[in-house]
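Secondary and tertiary structure notes
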Amino acid sequence: MKTRLLAATALCGALAGAAAAQDYEITVWSGGSGEADSYRWEAVEMAADILEREAAIRGEELNITVDYMWDFGGWAEFKQAVTLAAEAGEAPEIVVTSHLDIAPWSQAGYVVPVEDYLDLDAWPLSDVYPNLMQIASFNGVQWGIPQDSESRPFFFWREHMRALGYTDAEIDALPEAVENGEYTLQNVLEDATRAVEMGLVEEGKGFSPRVSNGPDYAQFYQSFGGELYDEDTGKLVLDRVAMTEFYQFFVDAVEAGITSRTHIGMDWNDWYAEVANGGALMWHGGTWHYGRYLREGNEDFFGTIAFSLIPAGDADVGRANTITHPLVYLITDQGDDDVQNIAAQLVEIATEPRINTLHAIKSAHLAVAESQSDVPLYAQDPWADAATSVLLPFANSQPNHPDYGVYSEAMWSGLESAWTGIQTPEQAVAELEAELTSVLGDELIVR
Amino acid sequence: MRQDRIGLLFLTPALIAVVVFYLLPVVMTAVFAFTNMSTATGIRGGDWMLTEDGLRDLREAGLPEETLTMLEGAGYAVDAAGLAALEAEFGASLAERVRGALEGESFASRRDMERALRDLRAPELRVTRDRKRAAELFLRSTLNTRHATPESLRADLSAAGIPEADHDLIVEEAYTGWSWTTRNFELLVSLPSTARYAVNTLMYVALTLVIFNVGLGLFLAVSTFYLPERTSATFRAIWFMPRILPPVLYVLMWKWLMWDTGFIASVLAPFGVDRINWMMHSEVHAWVAVILINGVVGASFGMIIFASAIKAIPQTMLMASEVDGASRWQQVRFIILPQMRWPILFVTAYQTLSLLASFEYILLSTGGGPGSATEVWAMAAFRTALNNYGGNLQYGLGATFALVLVIIGTALSLLYLRFFNFQALLSKPRIER
């Protein structure tokens, strides 16, 4: 009798315990990430610890196990993995990905809006830069939370610029000159041509652009006044004149001998090693390159390299600009509101200034929230401080539009054809227009 | 009868493999090809959700302005129905409080509604999740709500007072999934790029096949046939090596050979030849590279098949011809080649199909460039369906690309069989007739 009573008590106790304890397994998949980006998932682990502690103080038992995966090969493999997992109902609870995925994934129902779970008016989300929050939203709904930010500057090798006759003061004033449209892509052509002629850099290395497709190239379209998206109608925009001039710029660069005709497809490692050590006069890249250049042996970034916005196309044409391509935390549809709620809470905590700053500085990205400038780690980092003030206020993003991927691939394909001399810029733009109007139909405005 | 059954039993694994690995994918490709399926539409089917973007499209589609205003402006309303629901869920005291502070008010956005509730500082609404649940009770807008069925959306629209006549248009616009269409085929016909991919594919398959897979393969087989056994075996083994190498490594070696920092450029540099990227410098360079890279791998396949076929030729025939004073060339021309019809048919048919569908060496070497000069059909299918930096993969259009390959491949196989007189090859030897 006594044993039976004991057993019953034990059973009740176990049941009560089981009812009180909440166990969650949260998986984070992070796209486009390397070792340096470990805080994309470690921040979620830290958040889980905090959330568990908070629950314990309330007298609840909350157990969260965080799993993560980041080594997917490339963006394409990562996106395939996420979409196929979501189709099979096996999606990870949290995904760190490009903001461009919001449009297709929200329509497909793979993700749920974070605004279903989080108070956007409360700290820390209230403190996130409004333009970044905007980039993580689509159709007026807040789908994601910005995980990091960056921007894509134009770089100058100081020593070569000095050899061209620029004084140190003039080099320091370049960011301003670029911003005001006084130093344009036409000056880039002139200076780079002279640098090659003077033998400062090898032929084809006057201007050494990104070696593969990426958001960077849309910047040069914007440099010539091109717009990617029309806010009023929600449609993508093809500006024929700007597109032609953008293609023409790269054709001119090849003809002037400052950019190689066969530059596209160059090995990334070779390219990094080259630009980090004075192999090129000018190039463009991302704010995260700062960390990479250090690893390539450039110990004196500020002494050797100057950076600015991407220059305007020409005097009175277009504008100096830079594109930010933030990654975002997205919560996937698990068919279980409680799980999604926990995932959202974790993402919210991971966005707190101190935690996000760990990622920003470790991976040489920029802050997502205003108050990160007050976090010592951020404030004391020379690059974060400089890049945030020079670049971020001018940064715009690519549009969240389901068809933007098609647009951007076609734009790149046209640029490649013109760059490599297969087509003239006019032919390439004509083909681009034919292609996009057929595929996108109503979703495109041609100007 | 029993033997028939055993025969069938033996065939079963092969039949299953054919169905699972060939028929099923082909049927799926054909089905996908007639849809507008993409990442955005999902694969399993869709829901019904009206969005801001959908409203813009509806305006263009001619939905009455009045209805649009109702849809756009509905937002959140603190009305009697909402308050009753609030009372049922959170109790009378909160309902009373909300009634006193907010009754009759309406809010354009969820954020505004939640702010208003938050400002009440009611104890029942202190937790974010509860506040959101309460706000939801006053939601009168049909925007951004996912409905699993069209009926559910219609019910929502009716509740919001949207005229019945407009429902069809709205429901159609709100559908998030894929639908049947023949548009992909129209696109294939009309896009300027597809014509180029078709021409590229034709060039790629024809040149690689004729020059290397069959031509060089045959040459190697015949020439090694006349070498001493050991030498010919070594020689063939060397030619076989590219096939054993992983494609990534194999192409990397070609890059070391051909790039502007590579072997060819370095060797020629002292002779005053400009360092150029021999793989990518122009369209012609890229084509030569693509065909060489594929051909060197492809030739070994033909070589092995042809060499064993030659070995099967009775030695006596060759000896007899030598007695008759035939030269080597005459032996090849009148004894070997006539007996190679079947292996040549096999290699041609097999390699045509595998070249049509393969693009890995192109992807790894030129990446389809410069421009899209060496982009072939199969690669376009891959890029369209599975590779997009912007994220929206076009499964439907990609499948249409692939389906065309299946059709062309099947048609070519039939043509080859006819052309090489397959029937005669399989007929009984005359002596047995």
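Treat the numbers as computed from the prediction; the structure is a model and nothing was measured. (Residues numbered from 1 in each chain as written. Chains lettered and ligands numbered in written order. Predicted model: local features only at pLDDT ≥ 70, side-chain atom pairs only at ≥ 80, totals over all residues.)

1. Section: the overall build of chain B
- When helices and strands are counted, chain B shows 22 helices and two strands.
- Taken against the 2.2 N^0.38 rule, which gives 22 Å for 433 residues, the C-alpha radius of gyration of chain B at 34 Å runs more than 25% over that of a compact globule.
- Its C-alpha atoms give chain B principal-axis dimensions of roughly 115 × 75 × 40 Å.
- Looking at chain B as a whole, 35% of its 433 residues are labelled buried. (Helix = DSSP H or I, 4+ residues; strand = E, 2+ residues; numbered from the N terminus. Rg over C-alpha atoms; globule rule 2.2 N^0.38 Å. Buried ≥ 20, exposed ≤ 12 C-beta atoms within 10 Å, placed from the backbone.)

2. A closer look at the sheet that holds strand E13 (residues 305–308) of chain A
All names here are of chain A.
- An order of E9-E12-E8-E13 is seen for the four strands of this open sheet, with the pairing classed as mixed. Two strands in the sheet have a free side with no partner beyond their single neighbour: strand E9 (207–208) and E13.
- Bridge analysis of E9 against strand E12 (residues 282–284) gives two bridges, and the strand direction is parallel. Looking at E12, one finds that Ser-208 is bridged to Trp-283. (Pairing = 2+ DSSP bridges.)

3. Observations concerning the pairing of strand E8 (residues 154–157) of chain A
Residues and elements named next belong to chain A.
- Residue alternation in E8 divides its side chains into two sets, Phe-154 and Phe-156 and Phe-155 and Trp-157, and both sets are buried.
- Across three bridges, the pairing between E8 and E12 is antiparallel. The residue of E12 that forms the bridge with Phe-154 is His-284.
- Bridge analysis of E8 against E13 gives four bridges, and the strand direction is antiparallel. Bridged to Phe-155 within E13 is Phe-307.

4. Some points on the interface of chain B and chain A
- Contacts between the two partners involve 45 residues from chain B and, on the opposite side, 49 residues from chain A.
- Of all the secondary structure elements, the ones that give two or more residues to the side of chain B that touches chain A are helix H2 (52–60), helix H6 (110–119), helix H7 (128–136), helix H10 (183–190) and helix H11 (192–225) of chain B.
- Per-element tally for the side of chain B that touches chain A: the top contributor is H6 of chain B, with four residues.
- Of the residues in the side of chain B that touches chain A, the class split is 10 nonpolar, 21 polar and 14 charged. (Contact = placed C-beta atoms within 7 Å. Nonpolar A, V, L, I, M, F, W, Y, C, P; charged D, E, K, R; others polar.)

5. What about the domain arrangement of chain A?
All names here are of chain A.
- Domain boundaries assigned for chain A yield domain 1 (23–150 + 325–394) and domain 2 (154–323 + 403–446).
- The C-alpha centroid of domain 2 is placed 30 Å from the C-alpha centroid of domain 1.
- Counting residues at the interface gives 14 residues for domain 1, matched by 14 residues for domain 2.
- Residue composition of the side of domain 1 that touches domain 2, by class: 10 nonpolar, three polar and one charged. (Domains from an automatic or database assignment.)

6. What about helix H12 (residues 229–244) of chain B?
All names here are of chain B.
- For H12, spanning 16 residues, the distance from its first C-alpha to its last is 22 Å, which sits close to the expected 22 Å at 1.5 Å a residue.
- When the local axis directions of H12 are compared, the greatest deviation, roughly 25°, occurs at Ile-238, which is followed within four positions by the proline Pro-242.
- Burial analysis of H12 places just one of its 16 residues in the buried class, a small minority of the element. (Expected span 1.5 Å × (residues − 1). Bend = angle between axes of the 7 residues up to and from the residue.)

7. Structural notes on the sheet that holds strand E10 (residues 229–230) of chain A
Residue and element names in this part refer to chain A.
- Read across the sheet, three strands follow the order E10-E11-E17 without closing on themselves; strand pairing throughout is mixed. Only two strands of the sheet have a single partner each, and these edge strands are E10 and strand E17 (444–446).
- Of the pairings in the sheet, the one linking strand E11 (residues 235–238) to E17 comprises three bridges and is parallel in character. Its bridge partner being in E17, Val-237 is matched across the sheet by Ile-445.
- Here helix H20 (residues 425–440) sits on the sheet and contacts E11 and E17; the angle it forms with E17, its principal contact strand, is near 145°. (Axes fitted to C-alpha atoms, helices over the stretch in contact; angles between N-to-C directions.)

8. Focus: unusual backbone geometry
All names here are of chain A.
- Here the residue pair Trp-123 and Pro-124 is connected by a cis peptide bond, since its omega of 5° sits within 30 degrees of zero.
- With respect to the helices and strands, the residue Pro-124 is situated in the loop between strand E4 (111–112) and helix H5 (130–135).
- Positioned with a positive phi, Ala-364 is a non-glycine residue whose angle comes to about 60°.
- Residue placement: Ala-364 occurs in the loop between helix H16 (353–362) and helix H17 (376–379).
- Taking the C-beta count within 10 Å as the criterion, Ala-364 has 22 such neighbours and is therefore assigned buried.

9. Structural notes on the packing of helix H15 (residues 283–311) of chain B against helix H18 (residues 341–357) of chain B
Residue and element names in this part refer to chain B.
- It is at 10 Å that the axes of H15 and H18 come closest, and there the two elements cross at 160°. Put simply, H15 runs roughly antiparallel to H18. Here the hand of the crossing between H15 and H18 comes out right-handed. Across the interface between the two elements, Gly-298, Phe-301, Gly-302, Ile-305, Phe-306 and Ala-309 of H15 pack against Pro-343, Phe-346, Val-347 and Gln-351 of H18.
- Broken down by class, the residue content of the contact of H15 with H18 amounts to seven nonpolar, three polar and no charged. (Parallel < 35°, antiparallel > 145°, perpendicular 65-115°, else oblique. Left-handed = near helix turned anticlockwise from the far one by under 90°.)

10. Quick notes on the nonpolar core
- Within the largest apolar cluster, 131 residues are counted, with the highest numbers of intra-cluster contacts made by Ile-26, Val-44, Ile-94, Met-282, Leu-346 and Val-347 of chain A.
- With nine residues, helix H11 (residues 240–255) of chain A is the single largest residue contributor to this core.
- Inspection of this core shows a minimum of three residues originating in each of domain 1 (23–150 + 325–394) and domain 2 (154–323 + 403–446) of chain A.
- Discounting chain neighbours no more than four positions away, the residues touching Leu-346 of chain A are Ile-26, Val-44, Ala-47, Ala-48, Leu-51 and Ile-94 of chain A.
- Judged by nonpolar contacts, the second largest core, of 58 residues, contains Val-214, Trp-254, Val-347 and Val-404 of chain B. (Core = buried A, V, L, I, M, F, W, Y, C linked by C-beta atoms within 7 Å.)

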